[in-house]
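Below are the chains, spelled out letter by letter.
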Amino acid sequence: MKHTLEDIWEQANSDKFAMRIDSSEYEAIIIFGCRITRDFDTKKVMLFNTGRGGDYYLPLEEEEVKDFLKKGWRYGCYVVSLSNYRRKLKKIEMMIRNEVNGKNNPKQIQSYKVSRDNVMDNYREISNKLNKIK
């Protein structure tokens, strides 16, 4: 492993495209569905996936954290983002299948297809960015 969580924090902190979200207890940075926080009191750094968990962001899985530690902030963000897009595509495909087998409403099916196309465009964009830094 090349990086520590503190290194990842510094990379995120210097990322000019990432958004800072600070509170009275922690400082946070967010981009591409990834959130990194550093507690003011304990200085503990944590990574979260903003695409899962509903109202509360879930901490990254151990394998996802390893991607950050091996290759850095942006690489890890791209990998998590692609994972989130794949999950969204599965849900959209399921909704299309259910609609075709159920009410078969052409407007709803078309709406799902537009959503699928938008997610695919975003997936391709992030995938290209990931390939550039590999």
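Because the structure is predicted, anything quoted here is derived from the model rather than measured. (Residues numbered from 1 in each chain as written. Predicted model: local features only at pLDDT ≥ 70, side-chain atom pairs only at ≥ 80, totals over all residues. Heavy atoms only, no water.)

Looking at a positive patch on the surface
A cluster of basic residues, Lys 2, Lys 70, Lys 71 and Lys 134, forms a positive patch at the surface. Mapped onto the elements of the fold, Lys 71 is located in helix 2 (residues 62-71). (Patch = residues over 30% accessible without salt bridge, like charges linked within 9 Å, V, L, I, M, F, W, Y side chains within 5 Å. Areas by Shrake-Rupley, 256 points an atom, 1.4 Å probe, with all protein chains shown as cover. Salt bridge = Lys/Arg side-chain N within 4 Å of Asp/Glu carboxyl O. Lys, Arg positive; Asp, Glu negative; His and termini not counted. Charge placed at Lys NZ, Arg CZ, Asp CG, Glu CD. Helix = DSSP H or I, 4+ residues; strand = E, 2+ residues; numbered from the N terminus.)

Re the environment of Met 95
Structurally, the position occupied by Met 95 is in helix 3 (residues 73-101). Taking the relative accessible area as the measure of exposure, Met 95 reaches 35% and is therefore partly exposed. Distance from Met 95 to Asn 118, taken between C-alpha atoms, is 15 Å for residues 23 residues apart in sequence. (Buried < 20%, exposed > 50% of the residue type's maximum accessible area, 1.4 Å probe, protein only.)

What to know about the packing of aromatic side chains
Taken as a whole and judged by the stated rule, the model has 2 aromatic pairs. Arranged with centres 6.0 Å apart and planes meeting at 45 degrees, the rings of Phe 68 and Trp 73 form a pair that is tilted. Comparing Phe 68 with Trp 73 shows no difference in burial state: the two are buried. We note Lys 71 situated over the ring of Tyr 75; from NZ or CZ to the ring centre the distance is 5.0 Å. (Phe/Tyr/Trp six-rings, centres within 6.5 Å; stacked < 30°, edge-to-face > 60°. Lys NZ or Arg CZ within 6 Å of the ring centre and 35° of its normal.)

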